[in-house]
Amino acid sequence: MRWLGDRFSNLFGRRDRAAGSKRGAEAVAAAENRAEQNGIETATNKETEREIEKEIEKEIESNKEIGIGTEAVKASENKTGDKKMVIIAGLGNPTREYENTRHNIGFMAVDALADKYNISVMDCRHRALVGKGVIGGTKVVLVKPLTYMNLSGEAIRAVVDYYKVDAESELIVIYDDISLDVGQLRIRKKGSAGGHNGIKNIIANLGSDTFLRIKVGVGEKPKGYDLADYVLGHFSKEEMKVMAESLEKVDGAVNMMLEDQVDMAMNNYNVKSTKRE
């Protein structure tokens, strides 16, 4: 679960990076071991979620004692005044086995944004990993649900309610799309789930299909492949290079969308497709 290990490392800062990485890795490993022993296979394994949350919370409390990881966020919040806050949620599955899989491109996008804008996505609440920061002068909350893909809407609804944002204009969801070629983007203001279970659950929990979204292409399922096996499969080395470039485009699209330039983002980044929306 490198995405959790990376967040632990960033949280401790430069002067404590080595110690932070070690403690973070141990905490994540402990949570994963318990998860594997319990036989995680579905999104409804709440015992595993609690174990993950407890380990993360221990590290966060430890960091608070030495005063690390909070000043940057406080300073960022002070710079934004009373501007709006936007939730940026990336969809995926926790635990190491899903790292760098096609279905986890949403997590990868959030990690890329967190790294670029120095946002620690380590606050464990609302059944998700959450981090507050600033992108382009706008307050943002980065979110990675811990509910597993099929119940993503439960975590996102909780975050939306907590921050009292307008889901139609202040929520951006990033996720995988098999109808697009690897690395291609498709930005939408609303629409159906298109067969994506994570989006289906978000629509059900929000009671609306009107929210901003960035679809990231992971390529069409090869003939004869099981769909679940394909989306839970890992990117090849060549595909990872393409995805790295795609995540830079996601950053550009997010910045435009935060400036209320959604139409411009659609014109700049959307690609033609004859397949399902």
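See the structure above.
These lines cover the structure that appears in this document, whether it is placed above or below.

Things to note about the overall build of the protein
Part 1 of the reasoning: For the protein, the helix and strand inventory stands at ten helices and seven strands.
Part 2 of the reasoning: Counting only contacts in the protein whose residues sit at least 6 apart along the sequence, the fraction spanning at least 24 positions is 73%.
Part 3 of the reasoning: Carbon and sulfur atoms make up 47% of the accessible area of the protein, which totals about 13,000 Å².

A look at the packing of aromatic side chains
Part 1 of the reasoning: Within this structure, the stated rule accounts for three aromatic pairs.
Part 2 of the reasoning: With a centroid separation of 4.9 Å and 85 degrees between ring planes, the pair formed by Tyr162 and Tyr163 is classed as edge-to-face.
Part 3 of the reasoning: Look at Tyr162 and you get partly exposed, because its relative accessible area is 44%.
Part 4 of the reasoning: Residue Tyr163 is classed as buried on the basis of its relative accessible area of 17%.
Part 5 of the reasoning: Ring plane angle 90 degrees and centroid distance 6.3 Å describe the contact between Tyr225 and Tyr230, whose orientation is recorded as edge-to-face.

Brief notes about the environment of Glu168
Part 1 of the reasoning: Along the chain, Glu168 turns up in the loop between helix 6 (152-163) and strand 5 (171-177).
Part 2 of the reasoning: For the pair Glu168 and Asp209, spaced 41 residues apart in sequence, the C-alpha separation works out to 8.6 Å.
Part 3 of the reasoning: Dropping the residues within four chain positions of it, Glu168 is found in contact with Thr210, Phe211 and Leu212.

Parameters and conventions
Residues numbered from 1 in each chain as written. Predicted model: local features only at pLDDT ≥ 70, side-chain atom pairs only at ≥ 80, totals over all residues. Heavy atoms only, no water. Helix = DSSP H or I, 4+ residues; strand = E, 2+ residues; numbered from the N terminus. Contact = heavy atoms within 4.5 Å. Areas by Shrake-Rupley, 256 points an atom, 1.4 Å probe, with all protein chains shown as cover. Phe/Tyr/Trp six-rings, centres within 6.5 Å; stacked < 30°, edge-to-face > 60°. Buried < 20%, exposed > 50% of the residue type's maximum accessible area, 1.4 Å probe, protein only.

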